[in-house]
Amino acid sequence: MLPSFSYVRPETVKDTVKHASARGAALHAGGTDLIGCLREGIMDVDKVVSLSALADLYGIRETADDGLTIGALATITEVAENPLVRNKYPGLAQGASEVASPQLRNQGTLGGNLCQKPRCWYYRGEFHCLRKGGDMCYALAGEHQFHAVFGHDRICVITHPSDTAPVLAALGAKLRVAGPDGGKTIAVENLHVPPRDNVLTETVLGPGEVITRIDLPRPAANLKSSYRKVRARRSWDFALAGVALALEMDGDRVENSRVFLSGAAPIPWRSRSVENVIRGRRLDDKTIAEARAAIVENADPLPGNTYKLELFKGVIEEELSAMGRPE
Amino acid sequence: MAQDDSIYYRQGLPVPETPEPGRDAGFWETTDIVGKRVARVDGYERLSGAAVYPSDIKLPNMIYGAILRCPHPHARVKKLNTAPARKMPGVRALISGDAPESGGLQWKYDDYAAPLFDPHCRFEGEVLAAVAADTRYQAWDAVRAIKVEYEVLPYVSDHDQALDDKAPRVHESGNLVGSDEYIRGDADKGLSRADAVVEQTYQTPCELHTPMELHGCVANWDGDRLTIWESSQGVYAVQSRISEVLEMPLSKVRVIGHYMGGGFGSKLQPGKYTVLAALLARKAARPVKMILTREETYLCVGNRPANTMRLKAGARKDGTLTGLDFACTGPSGAYPAGGTSLVDWQIRDLYQCDNVRCSSRDVYIHAGPARPFRAPGHPQGSWALEQMMDDLAEKIGMDPVELRLKNIPEVSQARGNIPYTTTGLRQCIEKGAEQFGWKAAVKKAREHNRSNRAVKRGVGMGACVWIVGGGGPPATVAIKLFRDGSVNLNMGASDIGTGTKTVMALVAAEELGIRPEVIQIEHADTGTTQYATPSGGSKTVPTESPTVRNAAIDVKRQVLEMAAEDLDVPAADLVYQGAEVVSGSNSEKRIRVTEVSRLKKRGVVMGVGYRGPNPEGKSVNPFGAQFCELEVNIGTGEVSILRFLGAHDSGRVLDRLTYDNQVFGGIVMGIGLGLTEFRQLDAKQTGKLCNRNWHDYKLPTALDVPADMVSLPIEIDDPEANNTGAKGLGEPVTIPTAAAIANALYMATSVRFTRAPVNPIEIRRHL
């Protein structure tokens, strides 16, 4: 059952920011996550602020400098199917197409996908866990086969549920954010908050701050991007292990790379160890073998999810092999 | 009203012969409508939304019920303060254990009677109080306003630990619900004579029933008469249970369930919620709608119990099975509910083996009681036996199909060697393997695996028998023939989504020569329709279809008697031809059915059919075999099922569309057991259910099942089974699926996955 709340649909970003700044306000984009959160009573909300009247938050357009700007309210389906996205950033199109199920992709938005609440079954269930203001993480000593192997610091072991965030972070995307103090820009890779910084929130966005657009830089001519996700069932599921790659190639060598993992950590997890291994090298068997070892460096698996290390090795091998294959 | 000839599918030709009074109907040698691909008679209603399910019922002045449930797996209620809830807006009735109307009321689990409201809560979700209010929101707000003090008690979640000395007791008597032993021959001796012996432990997960429509009902009192619209597999079963609990005459309890959105065994009985709705409705003097939430159904109204199975099997080099030794543990849950029920049936009865020992221990744990789940026990036992057959085949160097064909029993060994009326086990395996292209597929997969490192292929199979599936008495069906020739079929059976109404329309159409779509069906209403047992056990078709046939024959006999008066010839000389009745000796003598004087005068002829007995000294059982081909991504543990074939002997196919539907649905459900579904309890900390939504409880999706599914009916005439020759289908189709997948996974990976479900987690743990 939903709690009792008021509903507003402001027509300007300014009004939206004002409404959203109020205590107990929640933003409503696609609502696919919000409604579930309200129903499950995991956040106290008495005002739902709809973004749907904000024209500025729609549309996918090329920018003057050959980049791309995507409205925060672009649906995941729009992102997955947009020819510009598919052409310039195939990894983002793949990431979007791996989200949830067709119905949810039609309704869910890119901005909302970045701001999802965790899918930990303790967080979503009747457990007063650390992230909900309680005094313990139940998953740590409990049932954590779906939980994090990196970056949890044994504080809270959620994985960040987004499939688009790791790709956007790999592609160097930036968010335009409106807020009480005016506008600002946040790199997607800096959006999410690890538990050691604050276990009560998932993003750096403060009260009243609204993502309006997601901007992607002009893709380098030699950019190759991809996203690969493994899950417990083929649709409508979050990542057990996923890898987003953005590689700038110099012939058959990797010049620069950004590698982000999903299903790995409470935030989209940058694997600098893999980036270091592949930099300047051909994606041959030797490099891939080293990348396999590198991807699990510094992992801190829990007793019930050590399998994820093997899974990440398998995924990075498959993805780098595919990238290394001549087109 | 003039006769409309368009209602007949054939004219001028006889429908099946009408047996003389007192004689049984003969077996249909051929059929015209039965066996064809006929769309659902209620397809329009179901697809358009016009069909009214219990969840759709809205009555004038109806209010809404909600239930307060214990959040702990084991707790004692120290104090329950309902006063704040009573003052909440919209609240019209509240009941709890101390209310006078609930005093002495009991709820039975098998033979175990517990108080309706028990302050000693033995599972998460146990009922403590119920509220009815003007809106659902008000009802839930009131439930939340009830103050409860619990003494939280230690719990046991794991059935394998339930019998430990230190395990918290679910009941005073201890945690053993019961044990069972079956012995045939001497298993130890048999195993000692084997050339190859294999022993293995297998585990299957607890699965949660997930019918599309939630459990629930609407209850309404009219004076001392109670009417319940229940999402149910059997209205008479609900009537019986509710009249017993509320101590009311059966005649005063009317249960209606025209449409229902699936049950899979969990709706063979009403729930405590049904009683609560009735009590609240009486107290509030208003109709009460009580539809559970998905979270509640996951906690409270059943599951397929998890099982731990140990199997030891031996075979000689020539493939002869010499011994099977099986032991199994499983949880009923917090009350007796068949935690190991029928798990050993495949071991007892599927393959020829003289030396069999089966033992089982059913235990209590602090979790929701089990309920029958499509082919109770069978897929679990199959998971063990069918994998072991493959292991044995490998050990003795025999093809798995060959090994099974070596061990086909001609009689039901577990029933003292009585014969089956028919057994299609051999044909299911042989013809299934042939159509699947078994040998070629095995060869192809092995070749593929020699040259591919990353993605491996496997093919696998499994066979099955279903313990019942022959149906049987009692059942009564009435068919009314109106004076315009149209027909009304009246039966108590529920159509649980399997197409019962459509199948019965075909049977009546076959006998009467009328197109099935003009047969109006009244069903599943204890107030107005005939007696039927619940739709479960894959027995509805073999129970109801002969009964429908008998009712149609009774109509025809009566019409022939009446026409004999009009034509002045003996009834025995007359032939029923659908539109007309014609003299066999003088074809000049004929009369249209709608012109028969007594029919015109009476307005209607009513025929009544009863289900006759099953054959004595024989067993009626469906058999099957399933084959699958899949790919495994070795690096990621992802499994793609490429294709499935189900070859099933369920006697005569009555409607090929609904038949194939069951085969495909059974395979999909079996894929859930094999690859995706499991209940997760927070066993180490709270004992509470972790996965209580559709993301965390992972039903297979469209992408998890292959587009390439083939249904291959193995039709064997079975005139002894019953007069339509149909056997049950809905359950056997899900028995061997998971095991066939496991066998294919073994070929692909060389790893025996003994614990289901085999998701990427499980695969990566072993590769």
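Conventions used here
Chains are numbered independently. Their residues run from 1 in the order of the written sequence. The order in which chains are written sets their letters, starting at A; the order in which ligands are written sets their numbers, starting at 1. With the structure being a predicted model, the display of local features is reserved for residues of pLDDT at least 70 and the display and counting of side-chain atom pairs for 80 or more, all residues being used for whole-chain, interface and lining totals. As a rule here, side-chain values cover all heavy atoms of the structure and leave hydrogens and water aside. In DSSP terms, a helix is any run of H or I states spanning at least four residues, a strand is any run of E spanning at least two, and both are numbered starting from the N terminus. Radius of gyration means the value over C-alpha atoms here, while the globule rule gives 2.2 Å times the residue count to the 0.38 power. Throughout, exposure labels follow a simple rule: accessible area from a 1.4 Å probe, protein chains only, divided by the maximum for the residue type, with under 20% read as buried, over 50% as exposed, and the rest as partly exposed. Contact criterion: two residues are considered in contact whenever any of their non-hydrogen atoms come within 4.5 Å of each other. Each accessible area value is a Shrake-Rupley result obtained with a 1.4 Å probe; residue values ignore everything except the protein chains displayed when judging cover. For this count, His and the chain ends are skipped, Lys and Arg are scored as positive, and Asp and Glu as negative. To locate a charge, take atom NZ for lysine, CZ for arginine, CG for aspartate or CD for glutamate. As a working definition, buried area equals the accessible area (1.4 Å probe) given up by two parts on being put together, with both sides summed. Salt bridges are defined by distance alone: a side-chain nitrogen of Lys or Arg within 4 Å of a carboxyl oxygen of Asp or Glu. Pairing of N or O atoms within 3.5 Å defines a polar contact, subject to two protein rules: one partner must be a possible hydrogen donor and the other a possible acceptor, and residues neighboring in sequence count only if both atoms are side-chain atoms. Each pair of strands is called paired provided DSSP finds at least two bridges between the two strands. Domain start and end points were adopted from an automatic or database domain assignment.

Caption draft 1: Spatial organisation of the overall build of chain A. Counting its secondary structure elements, chain A contains 13 helices and twelve strands. Relative to the 2.2 N^0.38 estimate, which gives 20 Å for 327 residues, the radius of gyration of chain A is 19 Å and therefore close to what a compact globule would have. Expressed along its principal axes, the backbone C-alpha trace of chain A runs to roughly 60 × 50 × 35 Å. The 327 residues of chain A split such that 57% are buried. For chain A, contacts bridging at least 24 residues in sequence account for 64% of all contacts bridging at least 6. Of the roughly 13,100 Å² of accessible surface on chain A, 48% is carried by carbon and sulfur atoms. In chain A, 40 positive and 40 negative side-chain charges are present, and the distance between their average locations comes to 1 Å.

Caption draft 2: Structural detail: the interface of chain B and chain A. Contacts between the two partners involve 44 residues from chain B and, on the opposite side, 36 residues from chain A. Summed over both sides, the interface between chain B and chain A buries roughly 3,400 Å², with carbon and sulfur atoms accounting for 56% of that surface. For the chain B face of the interface with chain A, the top three residues by lost area are Gln685(B), His695(B) and Ile761(B), together amounting to 16%. Inspection of the region where chain B meets chain A yields seven salt bridges. We note a salt bridge from Lys698(B) to Asp237(A), for which the minimum N-O separation is 2.8 Å. Seen at the junction of chain B and chain A, the total is 16 residue pairs in polar contact (both at pLDDT 80 or more).

Caption draft 3: Representation of the pairing of strand E12 (residues 216–222) of chain B within the structure. All names here are of chain B. When you tally the buried positions in E12, you get five out of seven residues, the bulk of the element. Relative to strand E15 (residues 288–291), E12 is paired through four bridges, and the arrangement is antiparallel. By the bridge assignment for E15, Cys217 is matched with Met290. Where E12 lies against strand E13 (residues 225–230), six bridges are found, and the strand directions are antiparallel. Looking at the pairing, Ala219 lines up with Ile228 of E13. If you look at the hairpin formed by E12 and E13, you'll find two residues sitting between the two strands, and Gly223 has a positive phi there, around 65°.

Caption draft 4: Layout of the sheet that holds strand E6 (residues 120–121) of chain B. Residue and element names in this part refer to chain B. Taken together, the three strands give an open sheet; going across it, the order is E6-E2-E8, and neighbouring strands pair in antiparallel fashion. Each having just a single partner strand, E6 and strand E8 (147–152) make up the two edges of the open sheet. Pairing geometry for strand E2 (residues 75–81) and E8, over six bridges, is antiparallel. For Lys79, the partnering residue across the bridge sits in E8 and is Glu149.

Caption draft 5: Examining the sheet that holds strand E12 (residues 269–270) of chain A more closely. Strand order in the open sheet formed by four strands is E9-E10-E11-E12 (chain A), and the pairing between neighbours is antiparallel. A strand with exactly one partner marks an edge of an open sheet, and here the two such strands are strand E9 (223–230) and E12 of chain A.

Caption draft 6: Here's a closer look at the side chain of His144(A). Of note, His144(A) is situated in the loop between helix H9 (138–141) and helix H10 (164–170). Engagement of the side chain of His144(A) in a polar contact is seen with the backbone nitrogen of Gly304(A), the distance being 2.8 Å.

Caption draft 7: Structural view of the pattern of salt bridges. Under the definition given, this model contains 67 salt bridges over all chains. Residues Lys618(B) and Glu720(B) are paired through a salt bridge, measuring 2.8 Å at the closest nitrogen-oxygen approach. Of this pair, Lys618(B) sits in the loop between strand E29 (604–610) and strand E30 (623–633) while Glu720(B) sits in the loop between strand E32 (708–713) and helix H17 (737–749), and the two are 102 residues apart along the sequence. Judged by its relative accessible area of 30%, Lys618(B) is partly exposed. In the salt-bridge network here, residues are joined through shared partners; they are Asp33(A), Glu40(A), Arg119(A) and Arg124(A).

Caption draft 8: Quick look at the domain arrangement of chain A. All names here are of chain A. Domain annotation of chain A identifies domain 1 (56–115 + 159–216) and domain 2 (223–324). A straight line from the C-alpha centre of domain 1 to that of domain 2 covers 21 Å. The partner domain 2 presents 24 residues to the 29 residues of domain 1 that form the contact. The contact between domain 1 and domain 2 buries some 2,000 Å² in all, and 61% of this surface belongs to carbon and sulfur atoms.

Caption draft 9: Seen up close, the pairing of strand E19 (residues 356–364) of chain B. Residue and element names in this part refer to chain B. Pairing analysis gives eight bridges linking strand E9 (residues 176–184) to E19, with the strands arranged antiparallel. Counted as the bridge partner of Asp180 is Ser360 from E19. Sheet topology note: the strand E18 (residues 321–333)/E19 ladder contains nine bridges and is parallel. Paired with Asp325 across the strands is Arg357, a residue of E19.

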